[in-house]
Number of protein chains: 2
Amino acid sequence: MTIDVYLKKLKEDGFKITPKRKATIELFSKKKSYLSPQEVLEKLGNHFPGISSSTVYRILEELQDTGILIKIEHEDRQLYYFLCRMPDQHHHHFICRKCRRIEEVELCNLKELERFISKNLNCKVENHSVRLEGLCSHCK
Amino acid sequence: MTIDVYLKKLKEDGFKITPKRKATIELFSKKKSYLSPQEVLEKLGNHFPGISSSTVYRILEELQDTGILIKIEHEDRQLYYFLCRMPDQHHHHFICRKCRRIEEVELCNLKELERFISKNLNCKVENHSVRLEGLCSHCK
DNA sequence: AATATAAATCGAAACCATTTCGATTTAGGA
DNA sequence: TCCTAAATCGAAATGGTTTCGATTTATATT
Ligand SMILES: [Mn+2]
Ligand SMILES: [Mn+2]
Ligand SMILES: [Zn+2]
Ligand SMILES: [Zn+2]
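This structure is a prediction, so every number in the text was calculated from the model and none was measured. Within every chain, residues take consecutive numbers counted from 1 along the sequence as written. Labels follow written order: the first chain is A, the first ligand is 1, and so on. Side-chain atom pairs in this predicted model are given and counted only at pLDDT of 80 or more, local residue features only at pLDDT of at least 70, and totals for whole chains, interfaces and linings cover all residues. To get the side-chain values, take all heavy atoms of the structure and skip hydrogens and water.

### Digging into the coordination of the manganese ion (ligand 1)
Residue and element names in this part refer to chain A. Binding of the manganese ion (ligand 1) to the protein goes through His-90 (NE2), His-92 (NE2), Cys-108 (SG) and His-128 (NE2), at separations of 1.9 to 2.2 Å. Sequence positions of the donors to the manganese ion (ligand 1) reduce to the motif H-x1-H-x15-C-x19-H. You can see Cys-108 sitting in the loop between strand S4 (102-105) and helix H5 (111-120) and its partner His-128 sitting in strand S5 (residues 124-135), a full 20 residues away along the chain. The exposure class of Cys-108 is partly exposed, given its relative accessible area of 26%. By relative accessible area, His-128 is classed as buried at 12%. The donor definition counts N, O and S atoms within 2.8 Å of each metal and applies 3.2 Å to Na, K and Ca; water is not among these atoms, so some sites may look incomplete. Put simply, DSSP marks the helices as runs of H or I at least four residues long and the strands as runs of E at least two long, and each gets a number from the N terminus on. Buried, partly exposed and exposed residues are distinguished by accessible area as a fraction of the type maximum, computed with a 1.4 Å probe on protein chains only: under 20%, between the cut-offs, and over 50%, respectively.

This is the structure we're talking about:
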């Protein structure tokens, strides 16, 4: 539950460890769900009054480029971010529609689906993403 | 390749068959790829000079509500639509990253993944979507 | 064919999350 | 401590999308 691994990742990618970046990672590490840029702005505003929204947007994008955060887009067409707990492994996400909790699922059995597409449609599958939604153990 | 089945669906859902709705469906039936609202506006503008963009946005949304069009959101954060060839069946989509062609894939083998999540995470999976990207048979 | 009317379209403005950019401040290496 | 590229600020612009009152149209009914 330490954020050191994320700070290390940040540094490795040539980013400076600034108070705002660190606080952003800490914020997400305490959350099990995703946050909108507005929510992040609000939370960070408690520690950094007057923080610029452009700073929040930039930090969120940098952290997602580094693989620390995952970015999703909801039906409301806005961006949301959440902390990736297995950044170096291919995996998929389950999102609780009630509490917005994220569960990361390492199981991936799409080989058959990819084989089907390669064979029947003669396509080359380069990547895929699965999005699962429902109710988590706390909400169902 | 007739659009009658889509017009029927429109009528069943209580929509009037207007020239612009019909032309929109015809436009998509000739395309194998997705179109942005701007592209639709441009194409429809050939037949209906001065057509309002709000009309295009509304028609696209209605057609997607009816299941005639599928709406996706790309990394550029804009909306795109394409004609669904199997509106009454659960299926997934392969998108060619070069020519934007859409292939609809009826095979779905996510039962194992859902079972894994139900069992290990104690979650209730209500729906899922798979997005596959790569190169189609024409582009690879 | 004419009428009625709810639905569809227009058009222009508003919306608002996100992006841009030049000025200022800061983290961290030398 | 100094230096400098990186980070942050802040205010304005951006632009795809939505809104809404006025006008037009599709289609069921007479
Ligand atoms: Mn996978
Ligand atoms: Mn499926
Ligand atoms: Zn939940
Ligand atoms: Zn292609």
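Having seen the structure, we can now continue with the description.
### Section: helix H3 (residues 37-47) of chain B
Residues and elements named next belong to chain B. Listed as buried for H3 are Pro-37, Val-40 and Leu-44. Looking straight down H3, one finds its buried side chains confined to an arc of 60°; they lie on one side. Among the exposed residues of H3, those pointing more than 90 degrees away from its buried face are Glu-42 and Asn-46. Only heavy atoms matter for contacts: two residues are in contact if any of them lie within 4.5 Å across the pair. Structurally, H3 contributes buried residues whose contacts are with helix H2 (19-30), helix H4 (53-65) and strand S2 (79-83). Arc, as used here, means the arc of the directions from the helix axis to the C-beta atoms.

### Topic: the relation of the copies chain A and chain B
Overlay of chain A on chain B (RMSD 0.0 Å): rotation 180°, translation along the axis 0.0 Å. Here the two chains are linked by the operation of a two-fold rotation axis. Across chain A, the rotation axis passes nearest the C-alpha of Val-130 of chain A, at a separation of 2.3 Å. Interface overlap between copies: 100% of the residues of chain A at the interface are likewise at the interface in chain B, consistent with a symmetric, same-surface contact. Overlaid copies result from least-squares superposition on C-alpha atoms, with residues included only where pLDDT is at least 70 in both.

### Overview of the protein's contact with DNA strand D
Neighbouring DNA strand D are 22 residues; Thr-18, Lys-20, Thr-55 and Arg-58 of chain A together with Tyr-57 of chain B lie closest to it. Of everything in DNA strand D that lies within 4 Å of the protein, sugar and phosphate atoms constitute 72%. A distance of 2.8 Å is found between a phosphate oxygen of DNA strand D and a side-chain nitrogen or oxygen belonging to Thr-18 of chain A. Breaking the surface near DNA strand D down by element, the ones donating at least two residues are helix H2 (19-30) and helix H4 (53-65) of chain A together with H3 and H4 of chain B. Definition of nearness: a residue and a molecule or strand are near each other if at least one heavy atom of the residue lies within 4 Å of the molecule or strand. Polar contacts, as counted here, are pairs of nitrogen or oxygen atoms within 3.5 Å of one another; within protein the pair requires one atom able to donate a hydrogen and one able to accept it, and residues that are adjacent in sequence qualify only if both atoms are side-chain atoms.

### A few points about the coordination of the zinc ion (ligand 3)
Residue and element names in this part refer to chain A. The coordination sphere of the zinc ion (ligand 3), as far as protein atoms go, consists of Cys-96 (SG), Cys-99 (SG), Cys-136 (SG) and Cys-139 (SG), spread over 2.3 to 2.4 Å. As a motif over one chain, the donors of the zinc ion (ligand 3) read C-x2-C-x36-C-x2-C. Of the two residues, Cys-96 sits in strand S3 (residues 92-96) while Cys-136 sits in the segment after S5, which places them 40 residues apart along the sequence. Side by side, Cys-96 and Cys-136 carry an identical accessibility label, which is buried.

### Comments concerning the interface of chain A and chain B
Taken together, the contact between chain A and chain B spans 34 residues of the former and 34 residues of the latter. In what follows, salt bridge is the name for a side-chain nitrogen of Lys or Arg lying within 4 Å of a carboxyl oxygen of Asp or Glu. Linking chain A with chain B are 4 salt bridges, by the criterion used here. Note that Arg-77 of chain B and Glu-73 of chain A form a salt bridge whose closest N and O atoms lie 2.1 Å from each other. Between chain A and chain B we count 17 residue pairs in polar contact (both at pLDDT 80 or more) in total. The greatest single-element share of the side of chain A that touches chain B, amounting to 12 residues, is contributed by S5 of chain A. Among the residues making up the side of chain A that touches chain B, the classes are represented as 15 nonpolar, 8 polar and 11 charged. Relative to strand S5 (residues 124-135) of chain B, S5 of chain A runs antiparallel, the two sharing 11 bridges. Looking across to S5 of chain B, one finds that Val-125 of chain A is bridged to Gly-134 of chain B. Under the scheme applied here, ten amino acids are nonpolar (Ala, Val, Leu, Ile, Met, Phe, Trp, Tyr, Cys and Pro), four are charged (Asp, Glu, Lys and Arg), and all others, including Gly, are polar. A strand pair is defined by DSSP finding two or more bridges across the two strands.

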